[in-house]
Amino acid sequence: MSNFDTEHSNLENNPPILKLPFEILEYCWGYLRRQDLFQVSRVSRLFWYTSRSRIFQSLTITLPSTDMLPFSQNLIRLSTNKALKTLEHAATRITSFYSDPSAGELWDMVQDWTIATAPAIRSNIFLFVRSQEKNLATRSVDDIFPFVSCSRNLRSLELVRMNLGRQQWVIIESLPVLEALRLISCLFPPSSHLVRPLKLKELAIAGDSFGPRSIEEPLVSVLCNPAYLEKLTLIDFLITHTILAALSSMAPFPHLTYLSIFITSPSGDHFFRFLAATPALATLRIFPWSANITPPHPLPALSSLRSYDGYPNLLSYIVPGRPVDCVCLVLMMVTTDGDQPDYAIHTELVSTVRDISLSAIPVRKLAIEYFLPTLDNLAAIAKHLPDLHYLALGLISGPPPLTPEDIIALSESSSEFSLDHVGEPLDTVDTIQVR
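Just so it is clear, the structure is predicted and the values come from calculations on it, not from any experiment. (Residues numbered from 1 in each chain as written. Predicted model: local features only at pLDDT ≥ 70, side-chain atom pairs only at ≥ 80, totals over all residues. Heavy atoms only, no water.)

### Let's talk about the overall build of the chain
Operational definition: Labels follow the DSSP assignment, with helices taken as runs of H or I lasting at least four residues and strands as runs of E lasting at least two, numbered in each case from the N terminus. Residue exposure (1.4 Å probe, protein chains only): buried if accessible area is under 20% of the type maximum, exposed if over 50%, otherwise partly exposed. Every residue pair with non-hydrogen atoms within 4.5 Å of one another is taken to be in contact. Residue-level accessible areas treat just the shown protein chains as cover; the underlying method is Shrake-Rupley with a 1.4 Å probe.
When its secondary structure is counted, the chain shows 15 helices and 14 strands. Across the 435 residues in the chain, those meeting the buried criterion constitute 48%. A sequence separation of at least 24 residues applies to 68% of the contacts in the chain between residues at least 6 apart. About 21100 Å² of surface is accessible on the chain, with carbon and sulfur atoms providing 55% of the total.

Below is the structure:
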């Protein structure tokens, strides 16, 4: 028994809450927001001891990026200098944390890291500014990223708007228990990656349509290891086609149970070939703004599929005869691919509901986006789906513009990507944040 345990058990005059077992207190802290945990940790040594694992479970660092002011070179230089000072402050704080021997126990409590570079206002006028911004971003990554390897129990890593060179991939490979990796609007320089596949259970790659951004097929085989991958989210408008082409030629993924994906018309054949290599798939989500594709050949058995989220045309090939009990329909579909896609509302809901009723088991949950509340549509739901326990109807509105923030938010809300390592999940609030 440690000195702290002995001290805790011997203080008979402690208030009742201080006499509770550590496990009970740690469970209670799981219901608090991160800001409240900071306050709790300052109450007593016992509260600090039992709350610190949750406080240091997740670290978030936002690295600075220069503000682009295209009409004043002086203001641009001032902004760049300020960002450099902020970076030095960030590096100092992280260095202090990981250089303190007494904090070694806290390092091992870190299980989730998020490293993001702040978005910048870009200018096409001054090449000097773009060069300064690139140098600043490179220095930010080089100064901060090596500290990732200090957290030996790191399970989840999220990287946002980063240029991933070979140094970063070597550090990622060195993480002994890493099982979840999220790459948001990242750049993948050619031939900078590793050769040996990672052992990831969860992978998410998301990004907007602002480029250029590309990925080499060998990197796909490094990130997507068929022997380990269980959850996959691909919502990058520029590189999903390349990733699907690589996945469709790889070995089967026997453990993949979750797939959330953005599909373009040219990617349709690759998608269906990949789908045939996922026999354990339980959740399939076709991301909104995908092309409205249909399979050229009969689909594989997919005997474990329980949840479908996507367009109604593909639903008629997916749900009937399979044990699907949860369906989410998006009735506003993209009708053309290109810079200015057209949208159309699917109006034949009665036949779609009839297809849903052909599931091998009763459908319990149904959500419909862009729903037209007519008597026929409501009557069809009541007639063909009598076992519904949950019904959510989103009424028709105009097609909203898709921004980079929307892409990231949608991928986070639907991918079920976060890992519950300790008790109940907490609100996501930065533990270390530098702006």
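Now that the structure has been shown, we can carry on.
### A look at the confidence of the model for the chain
This is how the line gets drawn: Known as pLDDT, the predictor's confidence for each residue is given on a scale from 0 to 100.
Of the residues in the chain, 71% reach a pLDDT of 70 or more, and the chain-wide mean stands at 78. Contacts for the low-pLDDT stretch residues 121-137, under 50 throughout, to residues beyond four places or in other chains number 28 contacts. Taken as a whole, residues 414-435 scores under 50 in pLDDT and shows 68 contacts with residues more than four places along the chain or in a different chain.

### Quick look at the sheet that holds strand β10 (residues 326-330)
Applied cut-off: Here a strand pair is declared whenever DSSP counts at least two bridges between the two strands. Orientation is described by axes fitted as lines to C-alpha atoms, over the contacting stretch for helices, and by angles from 0 to 180 degrees between their N-to-C directions.
Pairing is parallel across the open sheet formed by 12 strands, whose spatial order is β1-β2-β3-β4-β5-β6-β7-β8-β9-β10-β13-β14. At either margin of the open sheet sits one strand with a lone partner, and together these are β1 (58-63) and β14 (390-395). Neighbour to neighbour, the strand axes of the sheet diverge by 5° on average, direction disregarded. With five bridges joining them, strand β3 (residues 156-160) and strand β4 (residues 180-184) adopt parallel strand pairing. Across the sheet, residue S156 finds its bridge partner in β4, namely A180. Together, β6 (231-236), β7 (258-261) and β8 (283-286) form the strand contacts of helix α11 (residues 268-275), whose direction differs from that of β7 by roughly 175°. Together, β13 (365-371) and β14 form the strand contacts of helix α14 (residues 375-384), whose direction differs from that of β13 by roughly 170°.

### Details of unusual backbone geometry
Across the chain, the bulk of peptide bonds are trans and the bulk of non-glycine residues have phi less than zero. One non-glycine residue with positive phi stands out, namely R161, at about 55°. Relative to the helices and strands, R161 resides in the loop between β3 and α8 (166-174). Unusually for a residue other than glycine, Y370 sits at a positive phi of about 65°. In this fold, Y370 is placed in strand β13. We classify Y370 as buried; its relative accessible area is 13%.

### Some details on the pattern of salt bridges
Spelled out, the test is: Only one rule defines a salt bridge in this text: a Lys or Arg side-chain nitrogen within 4 Å of an Asp or Glu carboxyl oxygen.
Enumeration over the complete set of coordinates arrives at eight salt bridges. R182 is the partner of E158 in a salt bridge, and the nearest nitrogen-oxygen pair spans 2.6 Å. You can see E158 sitting in strand β3 and its partner R182 sitting in strand β4, a full 24 residues away along the chain. A relative accessible area of 11% places R182 in the buried class. The shortest N-O distance in the salt bridge between R213 and D236 comes to 2.8 Å. Here the residue R213 occupies a position in the loop between β5 (202-207) and α9 (217-223), and D236 occupies one in strand β6, the gap between them amounting to 23 residues.

### Let's talk about a nonpolar patch on the surface
Stated precisely, the cut-off is as follows: Patch members must show over 30% relative accessible area and no salt bridge, and they are joined within 9 Å when carrying like charges or within 5 Å when they are nonpolar side chains of Val, Leu, Ile, Met, Phe, Trp or Tyr.
A cluster of nonpolar residues, I17, L20 and I24, forms a patch on the protein surface that exposes about 220 Å² of accessible area. As for its position among the elements, I24 is in helix α2 (residues 22-29).

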